[in-house]
Amino acid sequence: GKEITLLMQTLNTLSTPEEKLAALCKKYAELLEEHRNSQKQMKILQKKQTQLVQEKDHLQSEHSKAILARSKLESLCRELQRHNRTLKASEEGVQRTREEEEKRREVTSHFQVTLNDIQLQMEQHNERNSKLRQENMELAERLKKLIEQYELREEHIDKVFKHKDLQQQLVDAKLQQAQEMLKEAEEKHQREKDFLLKEAVESQRMCELMKQQETHLKQQLALYTEKFEEFQNTLSKSSEVFTTFKQEMEKMTKKIKKLEKETTMYRSRWESSNKALLEMAEEKTLRDKELEGLQVKIQRLEKLCRALQTERNDLNKKVQD
């Protein structure tokens, strides 16, 4: 748990996924090196255990030989006792009995010395056996601890791989979110472009219409001018007609001024629409550049994801091996 916490803190201090991946690879290499050292140490301990087992088997064989020699000596002792009884029961001379007694004493002393040596060897063998048993127990405990450490490291490596999978899923989710935002921006830009194009077309149509109206009004003005000349010729005949015609001329002048103002207004609107359309084209160019940059980033992220997946597969194969 402490190693995982320290590893997570170390990864959180890093900013880019490449640095995090490099830190994970470095940590994995350290763990792999520790695992190899543990395997080497385990092999050495197993070899030592095998040697101790062989020594134990040798000592057991020597112990069995000593027991066999003891049984032979016990059989000799019984034979000697039987021989002593035979000597006691015989009717030989005292000298011969004494000689046999001396021989019996020598044999008994020699047997006692041999028996003491055998008991001493048995005690030494028992001490060595107890020491070997204690060493075997200690080796078993150390092997058990090594196996537990190996299992803990395997669990730690599994957790690291799970964390790496979660990071991969997070990168995929961010990539998908960036693609969705890019798609929404393109749709919004297209809608704005269509709206401005429609407004520009409408403004152009209104401008054409106003031009037609202006031409028509100019034609009417020319017609009224002709009429005015006719009326001016007949002005001497009717002052009232002249006054009425003058009023109509003023009305037509006001109407023409009003139409000129509207034409100017529509022309300004048309120019502003053209300007907005140019700005939209520039913005589209910038958006296209941003889109190309995002596509390049997406391609880099996809390459990084593929590299991470390949490395993850390699690491999984290494762990399985």
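Each remark here, short or long, concerns the structure printed above.
The rules behind these values
- Residues numbered from 1 in each chain as written.
- Predicted model: local features only at pLDDT ≥ 70, side-chain atom pairs only at ≥ 80, totals over all residues.
- Heavy atoms only, no water.
- Helix = DSSP H or I, 4+ residues; strand = E, 2+ residues; numbered from the N terminus.
- Contact = heavy atoms within 4.5 Å.
- Core = buried A, V, L, I, M, F, W, Y, C linked by side-chain atoms within 4.5 Å.
- Buried < 20%, exposed > 50% of the residue type's maximum accessible area, 1.4 Å probe, protein only.
- Patch = residues over 30% accessible without salt bridge, like charges linked within 9 Å, V, L, I, M, F, W, Y side chains within 5 Å.
- Areas by Shrake-Rupley, 256 points an atom, 1.4 Å probe, with all protein chains shown as cover.
- Salt bridge = Lys/Arg side-chain N within 4 Å of Asp/Glu carboxyl O.
- Lys, Arg positive; Asp, Glu negative; His and termini not counted.
- Charge placed at Lys NZ, Arg CZ, Asp CG, Glu CD.

Chemist: Lay out the overall build of the protein with the relevant residues and their values.
Modeler: Scanning the protein from N- to C-terminus turns up four helices and zero strands. Ordering the α and β elements of the protein from the N terminus gives α-α-α-α. Partitioning the contacts of the protein with sequence separation of at least 6, the portion at a separation of at least 24 is 87%.

Chemist: Tell me about the nonpolar core, and name the residues and values.
Modeler: One finds M206, M210, L217, L259 and Y266 forming the largest nonpolar core, which totals five residues. Looking at this core, the elements with two or more residues in it are helix 3 (94-233) and helix 4 (239-320). Looking at this core, the element that brings in the most residues is helix 3, giving three residues. Ignoring sequence-local partners within four residues, the contact set of M210 consists of L259, E262, T263 and Y266.

Chemist: Summarise a negative patch on the surface; cite the residues concerned and give the values.
Modeler: Residues E141, E148, E151 and E155 make up a contiguous surface patch of negative charge. Checked against the element boundaries, E148 lands in helix 3.

Chemist: Describe the pattern of salt bridges, with residues and values.
Modeler: One pass over the full model with this rule turns up five salt bridges. In this structure, E74 and R70 form a salt bridge, with 3.5 Å as the shortest nitrogen-oxygen distance. Residue E74 and its partner R70 are located together in helix 2 (residues 17-89), separated by four residues, close to a single helical turn. For E74, a relative accessible area of 34% gives the class partly exposed. Measuring nitrogen to oxygen at the nearest pair gives 3.1 Å for the salt bridge that ties R287 to E283.

Chemist: So what's going on with the environment of K318? Residues and values would help.
Modeler: With respect to the element layout, K318 can be found in helix 4. Taking relative accessible area as the criterion, K318 reaches 54% and is therefore assigned exposed.

Chemist: Run through the side chain of T263, naming residues and quoting values.
Modeler: Note on placement: T263 falls in helix 4. Here T263 falls in the buried class, since its relative accessible area comes to 5%. Dropping the residues within four chain positions of it, T263 is found in contact with M210 and E214.

Chemist: Please set out the environment of A22 residue by residue, giving values where relevant.
Modeler: Relative to the elements of secondary structure, A22 occurs in helix 2. For A22, a relative accessible area of 46% gives the class partly exposed. For A22 and L11, which are eleven residues apart along the polypeptide, the C-alpha to C-alpha distance reads 10.0 Å.

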